[in-house]
Amino acid sequence: SQTIHQWPATLVQPVGSPLSLECTVEGTSNPNLYWYRQAAGRGLQLLFYSVGIGQISSEVPQNLSASRPQDRQFILSSKKLLLSDSGFYLCAWSVGQGTGGYTFGSGTRLTVV
Amino acid sequence: AQSVAQPEDQVNVAEGNPLTVKCTYSVSGNPYLFWYVQYPNRGLQFLLKYITGDNLVKGSYGFEAEFNKSQTSFHLKKPSALVSDSALYFCAVRDINDMRFGAGTRLTVKP
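Predicted model only: the values in this text are computed from it and were never measured.

Asks: Is there a simple way to explain the overall build of chain B in this structure?
Replies: In terms of regular secondary structure, chain B is built from zero helices and 12 strands. The C-alpha atoms of chain B give a radius of gyration of 13 Å, which matches the 13 Å a tight globule of 111 residues would have. Relative to its 111 residues, chain B shows a buried fraction of 45%. Across chain B, every contact between residues at least 6 apart in sequence was considered, and the portion connecting residues at least 24 apart equals 54%. Surface exposure of chain B reaches about 5300 Å², of which carbon and sulfur atoms provide 48%. In chain B, which carries 11 positive and 9 negative side-chain charges, the distance between the mean positions of the two groups comes to 2 Å.

See the structure below:
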């Protein structure tokens, strides 16, 4: 069966420090992968999505970047964190172009201090 | 572009009463609609989806949703609410390469 792993669950980082959040998917090949940010427990903001290795689309210009070094691995990074980067980060995957839904990871609570 | 709207930020119901969480959609072509639930500090969990077929879709935890083409709505319903149903609910519509989510509705079920 397909599973998605996202870590760490919580992270407290000082302003100006780097960031690396990792997401991996098991049990499927060539998934679409997504990074979302959720602020203040409300709406989801799509940050990046990827339809294949090395293919990254950015929805919002910001202090973050994403990479997909392997088929089932999606990494969210920052060179220097800002206070405004605090939030709840969610990774998700789906099967290509279709009618299927998304499967979400359990999320990472990032607090920048 | 596909989009959904959730007109209510907050819905409050008493335990045992029926609940409705509203969603309207705007799509070109056939709508592929979804409901997700999110508990505090957790990822979103799939509840149900409408692709085609019966307008009444049954999902997890006793939830169902009614697809209404004339009103372009896809409201989430449950005949008898539980306190444990208190959570954040998202309506969503599938696009070609991504999914568009509503802003979310916080459901509070009071004992």
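Asks: What is the right way to look at the overall build of chain A in this model?
Replies: Scanning chain A for helices and strands turns up zero helices and 11 strands. Listed N to C, the secondary structure of chain A is β-β-β-β-β-β-β-β-β-β-β in terms of helices and strands. Taken against the 2.2 N^0.38 rule, which gives 13 Å for 113 residues, the C-alpha radius of gyration of chain A at 13 Å falls within 12% of a compact globule. With the C-alpha coordinates of chain A rotated into their principal frame, the extents come out at 40 × 25 × 20 Å. Counting only residues that meet the buried cut, chain A has 46% of its 113 residues in that class. Residue pairs in contact within chain A that sit at least 24 positions apart in sequence constitute 54% of those at least 6 positions apart. Accessible surface computed for chain A: about 5100 Å², of which carbon and sulfur atoms make up 53%. When the 7 positive and 5 negative side-chain charges of chain A are each reduced to one mean point, those points stand 8 Å apart.

Asks: Just checking my understanding: could you explain the sheet that holds strand β1 (residues 3-7) of chain A for this structure?
Replies: Residue and element names in this part refer to chain A. Strands sit in the order β1-β3-β8-β7 across an open sheet of four strands; the sheet is antiparallel. Each end of this open sheet is capped by a strand with a single partner; those strands are β1 and β7 (65-70). Mean inter-strand twist for the sheet, computed between neighbouring axes without regard to direction, equals 20°. Pairing geometry for strand β3 (residues 19-26) and strand β8 (residues 73-78), over six bridges, is antiparallel. Paired with C23 across the two strands is F74, which belongs to β8.

Asks: Would you mind going over the interface of chain B and chain A with me for this structure?
Replies: In many analyses, interface size is given as the accessible surface area lost on bringing the parts together. Between chain B and chain A, the contact holds 23 residues from the first and 26 residues from the second. With both chains or domains summed, chain B and chain A bury close to 1900 Å², and 48% of this area falls on carbon and sulfur atoms. The interface formed by chain B and chain A contains six residue pairs in polar contact (both at pLDDT 80 or more). If you list the elements that add at least two residues to the side of chain B that touches chain A, you get β5 (33-38), β6 (44-50), β10 (87-94), β11 (99-101) and β12 (105-110) of chain B. Partitioned by chemical class, the residues of the side of chain B that touches chain A number 11 nonpolar, six polar and six charged.

Asks: Would you take a moment to explain the nonpolar core for this structure?
Replies: Where a protein is soluble and globular, its nonpolar side chains tend to be buried together. In this structure, B:W35, B:L47, B:L48, B:F74, B:L76 and B:Y89 are the most contacted members of the largest nonpolar core, which totals 26 residues. Those elements that place two or more of their residues in this core are β2 (10-14), β3 (19-21), β5, β6, β8 (64-68), β9 (73-78), β10 and β12 of chain B. The element contributing the most residues to this core is β10(B), with four residues. The next biggest cluster of nonpolar side chains, apart from the first, holds 20 residues, and it includes A:I4, A:L64, A:F74 and A:L76.

Asks: How do you make sense of the pairing of β12(B) when you look at a structure like this?
Replies: Each regular strand displays side chains that alternate between the two surfaces of the sheet. Residue and element names in this part refer to chain B. Residues of β12 alternate between two faces, with T105, L107 and V109 buried on one and R106, T108 and K110 left unburied on the opposite face. As paired elements, β2 and β12 share five bridges and run parallel to each other. Bridged to V13 within β12 is V109. Relative to β12, β10 runs antiparallel, the two being bridged by three bridges.

Asks: Sorry, what's going on with the state of the cysteines here?
Replies: Any covalent bond linking the sulfur atoms of two cysteines counts as a disulfide. Summed over the entire model, instances satisfying the criterion amount to two disulfides over all chains. Two residues share a disulfide in this structure: A:C23 and A:C91, whose sulfurs sit 2.0 Å from each other. An S-S torsion of about -75° defines the bridge between A:C23 and A:C91 as left-handed. Of this pair, A:C23 sits in strand β3 while A:C91 sits in strand β9 (residues 87-94); the two residues are 68 residues apart in sequence, bridging distant segments of the chain. You can call A:C23 buried: its relative accessible area is 1%. Taking relative accessible area as the criterion, A:C91 reaches 0% and is therefore assigned buried. Bridging B:C23 to B:C91, the disulfide has an S-S length of 1.9 Å. Judged by the sign of its S-S torsion, about -60°, the cystine formed by B:C23 and B:C91 is left-handed. Within this pair, whereas B:C23 is found in the loop between β3 and β4 (24-26), its partner B:C91 is found in strand β10, the two being separated by 68 residues in sequence. Like B:C91, B:C23 is buried.

What counts, and where the lines are drawn
Residues numbered from 1 in each chain as written. Chains lettered and ligands numbered in written order. Predicted model: local features only at pLDDT ≥ 70, side-chain atom pairs only at ≥ 80, totals over all residues. Heavy atoms only, no water. Helix = DSSP H or I, 4+ residues; strand = E, 2+ residues; numbered from the N terminus. Rg over C-alpha atoms; globule rule 2.2 N^0.38 Å. Buried < 20%, exposed > 50% of the residue type's maximum accessible area, 1.4 Å probe, protein only. Contact = heavy atoms within 4.5 Å. Areas by Shrake-Rupley, 256 points an atom, 1.4 Å probe, with all protein chains shown as cover. Lys, Arg positive; Asp, Glu negative; His and termini not counted. Charge placed at Lys NZ, Arg CZ, Asp CG, Glu CD. Pairing = 2+ DSSP bridges. Axes fitted to C-alpha atoms, helices over the stretch in contact; angles between N-to-C directions. Buried area = accessible area lost by both parts, 1.4 Å probe. Polar contact = N/O pair within 3.5 Å; in protein donor to acceptor, adjacent residues only side chain to side chain. Nonpolar A, V, L, I, M, F, W, Y, C, P; charged D, E, K, R; others polar. Core = buried A, V, L, I, M, F, W, Y, C linked by side-chain atoms within 4.5 Å. Disulfide = S-S within 2.5 Å.

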